[in-house]
Structure formats: structure tokens, C-alpha cells
Amino acid sequence: MIEQFLQQLCNGLVMGSGYALMAVGLTMIFGLMYVVNFAHGELYMLGGFFAYYLTALFGINFFLSLVIAILMVMGVGLIFEVFALRPLREQGILTTVLITIGLSIFLKNTALILWSPIPKNMPTPFSPIALTLGSVYITEERIFAIIAAFTVIVCLHLMLQKTKIGKAMRATFQNKESAALMGVDINRVYSFTFALGSGLAAIAGVLLGSVFFVQPTMGSLATSKAFIVVILGGLGSFPGAIGGGFILGMAESLGAGFISTGYKDAIGFVFVILILLFMPSGLFGRKK
Amino acid sequence: MKKRFSYFRWFLFLFFLLSVPFLPIGNYQLHIIIIGCIYAVMVLSLNLITGYVGELSLGNVAFFGVGAFTSALLTLGGVSFWVSFLAAGMVAGIFGSLIGYITLKLRGAYFVIVTLAFAEILRLIDTNWTSLTNGPMGLSNIPLPEIHIPYLLNITFSDKIHFYYLSLGLLLLALYVVYRLVNSRIGRAWVSIRENEDLAKSIGINAFNYALLAFVVGAIFTGLGGSVYAHYMSFIGPDVFSFSITVSMLIMLIMGGKGTIIGPIIGAFVFTALPEYLRIAQLYRLSILGIILIFAVIFLPAGIVSMPKRIISFIKERRRQFGTS
């Protein structure tokens, strides 16, 4: 019993690091730009696929292709921000939701045409043999995923606190107009934020894609999971997204292990509804 | 003031609608029209909360699924179609009130995501509650509706024509109800909430109650649409809860023109027919739809209904420019 519990907890940690990375990107984009990005899961999928093709087809080193894939997805995010989101900046949430849904449909179905719905295994340099830590089995790629996620989150925190662009982002987050008056280039901050959020989704895609597999439809579920996490932690809250990500990952693993696999994906949604029912004030952090 | 249609013209229009099945169109075209009618009912419903109250709901597909399953399960249990049809509307309305009561306290992004959460939960329950819904296998052999009046009428809805009249009837009913609601105090209250909620509240409009009303009326009609759909297709599975239906409804609403009466109907028919005719480009169909949605939001935010106006003003503008130069 205890062994199974620990094993599920460990699995949850892997899922949780992916969720946390996704959710941080999503919450950052929402907090700064007031855009609910429905294409977030598709950017995550793109990350996984770019890395898969770089490693499997071109034989590029896994770690290098991780970096290249992230940069490529950041490019996609940047193009989308400049050409589709920028003209609609003051249009309200409904418009931007629709346009990101459009992007999500386009990316997902184009991926289905180009890459077929068959799941693909990403080649990694890690050994396929599981390590044993006490009674818990864990593979090297899972360890790498957890460590990489933590590293990225720490780097992100440092960037937001120490660098100039991080400071500009925090200023814009607090008050767009004042930041603009103080000489912050809002357009640049927005583009950077969207690209950064896309990049974070891509990292999650590569990491979870290497642990499991990549598939064009993997984005849809990922988008809704990221939304759940963001609501659990409070929209626009950075630590909330990280904490919420790990909580959801653990809860799902434990739920799948001890309750029912079929309802695993419903756990998060039930969480969201319970939170809204019993502690709605916690979620009203920032009223519109 | 807009000039009203005279009764004669209304009558002529109704006559045209009733004679559609006898026009030289194929079975396949009639099928598209029936699906278009059902979609039109759903998009009109979605328009109440999203177009008039101004809150984007991604959960309306839940009511479609609930209506479809209620009606299918009841008729499979031996209840008459007409009772099941009304029950479908009622059950969807009850779900609508529950979900609306919880979600409408939230606004903006929260509302969008939480309505989506409810639709997803219902889809998962449907997939996993195999003893009731038969899970991913779905329910098949859903009975056809019948009208049975001794010595007078005995119709089994075995032909597409019957379903055309059924779905048209539902569409006209929905249109009437929506039209009356929108052109009443209630409709004006909805618009005031959309335009400025704080101001609306300050003059004594209970935003929550009015929004809930829009949501529940929409839920009832969506449920009725689900019932007609279930009996028309005679098979339903978990895909009646799928996100792709939500997306279709959104595209129809936005492309038609949200916050108008006629826009959703135009959108529903155009975007039921268009994907069908895009079948030539079968493979790229959904990708193209995604692109259309992106461009529509950027270039035609007020939908197809705004096109005549925009074209006229464009021509006037050009004339003016040439006149002055």
C-alpha cells in the first residue's frame, strides 16, 4: 500500500512538473496580456514534435534539440502575437479567446495531416532500465524531466527578479499605463511574454513527450489541464500555477491508482468546481 | 423605426419554408438543412448568453448532450417521443440552472474556463458510466418519433421530410421566443449588462438573475435541439459532448454576427453547409476552418450580417474621396 502510494506520488511529480511549466506560461500570458490562450496545448504539442523530428530524423543530440525546439516554438508564438493578437489588443477577452481557438484548431489539424495520428516515441540518450529508489521505480528520463522543470522554474524566477526585461514585465503586470509612461516598451514586453509562455509550453512538451510519446492530439487535454491548474492557483498567480501544477499531478496519479483510471481526467475539473463552490473569494484575487 | 414585415410577406416566407422539401433538392441537401436547423437553434441559444449578456460560454454543448441522452434513454425505455422531447428540455434546463447558478457568479475568463470544465466533466461521466450510457459504444436504435391520433393521423417519422418539419418547427419556436425576449425589458437589461455591468446594477438590474435567465432559456432550447438530433441520427455517443461542437457553434455565432437575431441563423446554415462542401478538400477542412476563424475575428468581427452595411459605407467612402479629389 505504502509502496504503491510512493510510486504514484513519484509519477505525479513527473506529471506535475509538466503541468506546472504549462500553467506558468498560461498564467503569465493571462496576467500580463489578459489573453486566455486556448492554443497553449498545441504549442506544447509542437514542442514535442519539433524535438521528436530533430532527434529521430536529423539525429541531433537530445539536449540540443530540446533547445532548438523551444526556440522554434517561441518563434511561432512570436509570429502569432505580432500578427494576430497585437491588432486586437483592446478587444476584450471574447475576441482573443476566439482567435486562440482558431489557432488551436489550425495547429492541431495541420499536425494531424502532416504527422499522422500515430503516437511516436522520442529517442533519448537515457537508459531504458528503471532505477530503484527504495521501493520506487523511476526511469532516468523521468528524473531528467523533474530536474529540468525545477531548473527552468528557478531560472524563470531569477529572470523575473533580476533582469531588465523581467522588471519591465512585472511593471506591466501591475499597471500597464504607468509602465508605458515610465518608458517601458509595452509591445516588446507583450511579444516577449507570449513567446516566453510558448517556450515554457514547448519545454513541457519535450519533457513529457520524452517520458511518454508525442501525438498531434496531445494538446487538447493539456490545454484543459493547464486551465485547471491556473484556476486552482488563481488566475495570474505565479506561485499558484507551480503549486497547483504539482497538486494536480499528484492528485491525478493517486486518483488513478486508488479510485478509477477512467475518471482520472475528471479529478481536476471536480477540484475546480469544489474550489469555486466553497472558497470563491480565493479565486477572486483580481476582479475585472 | 424599422418597417415591419406585413402579414402577407410573413405568410409568403412561411409558405416558402414549408415547401422546401418539395423543391428539387437531393436527400443530402435536405440532411444538411436539417442539421443546419438544429445548429441554428443551438446558436440562437448560445447567442443569448454570449451575444446579449456578453459572457462567453464554452459549456452549452453539455445541454445538447444532456438533452440528446435524456430523450434517447426515455424513448428506449418505452416513453413516447413527445414526452421525452419535453423532458429533454426540462432536464437540460435543470442542468442549466445548476451550472449557471455556480458559474455565473464568475465573470470573464473564469466563466469561460468553468463552463468548459462542466462540459468536460459531463463528457467524461458519459464515457465512463457504461451501465447507463453504454460508454464509448453509445446508444443505437433510438426509436423514431410518431404521431398517433386514432382515425385521423398515423405518422412515423421515417423520412427526412418529417424531420425537416420537426426541426423547422423547433427553430421557429426558438426564434419566436428569442425575438420576444430580446425585444422586451429583459433583452434591454441583457444588453445593459453587456455594455456596462456596474451601471446596470446601479439602476437596479439584478445582473446575476438576468444572466441566469439567458443561460437557462438557452439550455432548454439546446436540450430540445439535442433531443431532435438524437432521434434524427438514431445513434448517439460521447461525441455529442465534444469540444468540436462547441467550436462549430462559436464559429457560427461569430461569423453570423453575435448579438443579432438573424446572424446566428445565417451563421448556422453557412457553416453547416461550408464544411460539407469543403469535403473536396477533405483533408484540409478543419485547418481551413481554423484559418477562417482567425481571419474572421480580425477582419469581420461583427459577422456576415454586418457585411452589407460595411460594403455600402465602403462605397460611400470611395465616392466621397473621388468627389473631393
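Parameters at a glance
Residues numbered from 1 in each chain as written. Chains lettered and ligands numbered in written order. Predicted model: local features only at pLDDT ≥ 70, side-chain atom pairs only at ≥ 80, totals over all residues. Heavy atoms only, no water. Helix = DSSP H or I, 4+ residues; strand = E, 2+ residues; numbered from the N terminus. Rg over C-alpha atoms; globule rule 2.2 N^0.38 Å. Buried < 20%, exposed > 50% of the residue type's maximum accessible area, 1.4 Å probe, protein only. Contact = heavy atoms within 4.5 Å. Areas by Shrake-Rupley, 256 points an atom, 1.4 Å probe, with all protein chains shown as cover. Lys, Arg positive; Asp, Glu negative; His and termini not counted. Charge placed at Lys NZ, Arg CZ, Asp CG, Glu CD. Patch = residues over 30% accessible without salt bridge, like charges linked within 9 Å, V, L, I, M, F, W, Y side chains within 5 Å. Salt bridge = Lys/Arg side-chain N within 4 Å of Asp/Glu carboxyl O. Buried area = accessible area lost by both parts, 1.4 Å probe. Polar contact = N/O pair within 3.5 Å; in protein donor to acceptor, adjacent residues only side chain to side chain. Nonpolar A, V, L, I, M, F, W, Y, C, P; charged D, E, K, R; others polar. pLDDT = per-residue confidence, 0-100. Pairing = 2+ DSSP bridges. 1 Å grid on protein atoms, 1.4 Å probe; cavity = no way out; pocket = protein on both sides within 12 Å on 5 of 7 lines; lining within 4 Å. Points joined across faces, edges and corners; volume = space filled by probe spheres on them. Phe/Tyr/Trp six-rings, centres within 6.5 Å; stacked < 30°, edge-to-face > 60°. Axes fitted to C-alpha atoms, helices over the stretch in contact; angles between N-to-C directions. Parallel < 35°, antiparallel > 145°, perpendicular 65-115°, else oblique. Left-handed = near helix turned anticlockwise from the far one by under 90°. Core = buried A, V, L, I, M, F, W, Y, C linked by side-chain atoms within 4.5 Å.

Some words on the overall build of chain A
Looking only at helices and strands, chain A features 12 helices and 2 strands. Put simply, chain A runs from its N terminus to its C terminus through helices and strands in the order α-α-α-α-β-β-α-α-α-α-α-α-α-α. On C-alpha atoms alone, chain A measures out to a radius of gyration of 19 Å, which is about the 19 Å that the 2.2 N^0.38 rule sets for 288 residues. C-alpha atoms of chain A, sized along the principal axes, occupy 60 × 50 × 35 Å. Burial statistics for chain A: of 288 residues in total, 57% are counted as buried. Sequence-distant contacts in chain A: of pairs separated by 6 or more residues, those separated by 24 or more amount to 76%. Of the roughly 12,200 Å² of accessible surface on chain A, a fraction of 69% belongs to carbon and sulfur atoms. Side chains of chain A give 16 positive and 10 negative charges; the mean places of these two sets differ by 9 Å.

Quick notes on a nonpolar patch on the surface
All names here are of chain A. The grouping of Met 1, Ile 2, Phe 5, Leu 6, Phe 258 and Ile 259 at the surface amounts to a nonpolar patch, some 660 Å² of accessible area in total. The element best represented in the nonpolar patch is helix α1 (residues 2–33), accounting for 3 residues. Considering the arrangement of structural elements, one finds Ile 259 in the loop between α10 (238–258) and α11 (264–278). Taking relative accessible area as the criterion, Ile 259 reaches 74% and is therefore assigned exposed.

Details of the interface of chain B and chain A
The interface of chain B with chain A comprises 37 residues on the first partner and 39 residues on the second. Each partner contributes to the roughly 3,400 Å² buried at the junction of chain B and chain A, and carbon and sulfur atoms together form 85% of this total. At the junction of chain B with chain A, the criterion picks out 0 salt bridges. Put simply, chain B and chain A have 1 residue pair in polar contact (both at pLDDT 80 or more) between them. Split into classes, the residues belonging to the side of chain B that touches chain A amount to 28 nonpolar, 4 polar and 5 charged.

Here we look at unusual backbone geometry
With the exception of glycine, most residues fall at negative phi, and the peptide bonds are largely trans. Look at A:Tyr34: it is not a glycine, yet its phi comes out positive at around 55 degrees. The topology assignment puts A:Tyr34 in the loop between α1 and α2 (40–56). Overall, the relative accessible area of 33% leaves A:Tyr34 in the partly exposed class. Even without being glycine, B:Asn141 reaches a positive phi, approximately 55 degrees. Relative to the assigned elements, B:Asn141 resides in the loop between β1 (139–140) and β2 (146–149). B:Asn141 sits in the exposed class, given a relative accessible area of 66%.

Considerations on the confidence of the model for chain A
Predicted confidence across chain A gives a mean pLDDT of 85, with 97% of residues reaching 70 or more. pLDDT under 50 marks residues 281–288 of chain A. Its contacts with residues more than four places away, or in other chains, come to 13 contacts.

A word on the pairing of β2(B)
Strand direction decides the pairing type here: β2(B) and strand β3 (residues 153–156) of chain B, joined by 4 bridges, are antiparallel. Paired with B:Ile149 across the strands is B:Leu153, a residue of β3(B).

Re the environment of B:Ile193
All names here are of chain B. Following the sequence through the fold, Ile 193 ends up in helix α8 (residues 185–195). Spatially, the C-alpha atom of Ile 193 lies 9.9 Å from that of Glu 55, the residues being 138 residues apart in sequence. Leave out the neighbours within four places in its chain, and Ile 193 touches Val 53, Arg 107, Ala 200, Ile 205, Ala 207 and Tyr 210.

Examining the layout of surface pockets
The space that makes up the second largest pocket amounts to roughly 1,400 Å³. Taken together, 43 residues form the lining of the second largest pocket, with B:Ser242, B:Phe243, B:Ser244, B:Ile245 and B:Ser248 sitting closest to its centre. Elements with a contribution of two residues or more to the lining of the second largest pocket: α4 (93–115) and α9 (218–233) of chain A together with α2 (27–53), α5 (109–128), α10 (207–233), α11 (243–256), α12 (262–277) and α13 (285–299) of chain B. For the lining of the second largest pocket, the element with the most residues is α11(B), which contributes 7 residues. Tallied by class, residues from the lining of the second largest pocket come to 24 nonpolar, 11 polar and 8 charged.

A closer look at the packing of aromatic side chains
Summed over the entire model, instances satisfying the criterion amount to 28 aromatic pairs over all chains. Ring centres of A:Phe38 and B:Phe243 lie 6.4 Å apart, and the angle between their planes is 5 degrees; this geometry places the pair in the stacked category. Taken together, the residues span two chains, with A:Phe38 in the loop between α1 and α2 and B:Phe243 in helix α11. Since its relative accessible area comes to 27%, B:Phe243 is described here as partly exposed. Linked through ring pairs, B:Phe81, B:Trp82, B:Phe85, B:Phe157, B:Phe163 and B:Tyr232 together constitute an aromatic cluster.

Here's the deal with the packing of α11(B) against α12(B)
Residues and elements named next belong to chain B. For the pair α11 and α12, the least separation of the axes is 7 Å and the interaxial angle reads 125 degrees. On the basis of the axis angle, α11 is oblique to α12. Of the two elements, α11 crosses α12, and the hand of that crossing is right-handed. Of the residues in α12, those touching α11 at Ile 251, Met 252, Leu 253, Met 255 and Gly 256 are Gly 263, Pro 264, Gly 267, Ala 268, Phe 271 and Thr 272. Looking at the contact of α11 with α12, its residues break down into 7 nonpolar, 4 polar and no charged.

Looking at the nonpolar core
If you look at the biggest cluster of nonpolar residues, it comprises 206 residues, and the most contacted ones within it are A:Leu21, A:Val36, A:Phe38, A:Ile101, B:Trp190 and B:Ile236. The residues contacting A:Phe38, other than those within four sequence positions of it, are A:Val97, A:Thr100, A:Ile101, A:Ser104, A:Thr223, A:Phe227, B:Leu58, B:Val112, B:Leu116 and B:Phe243.

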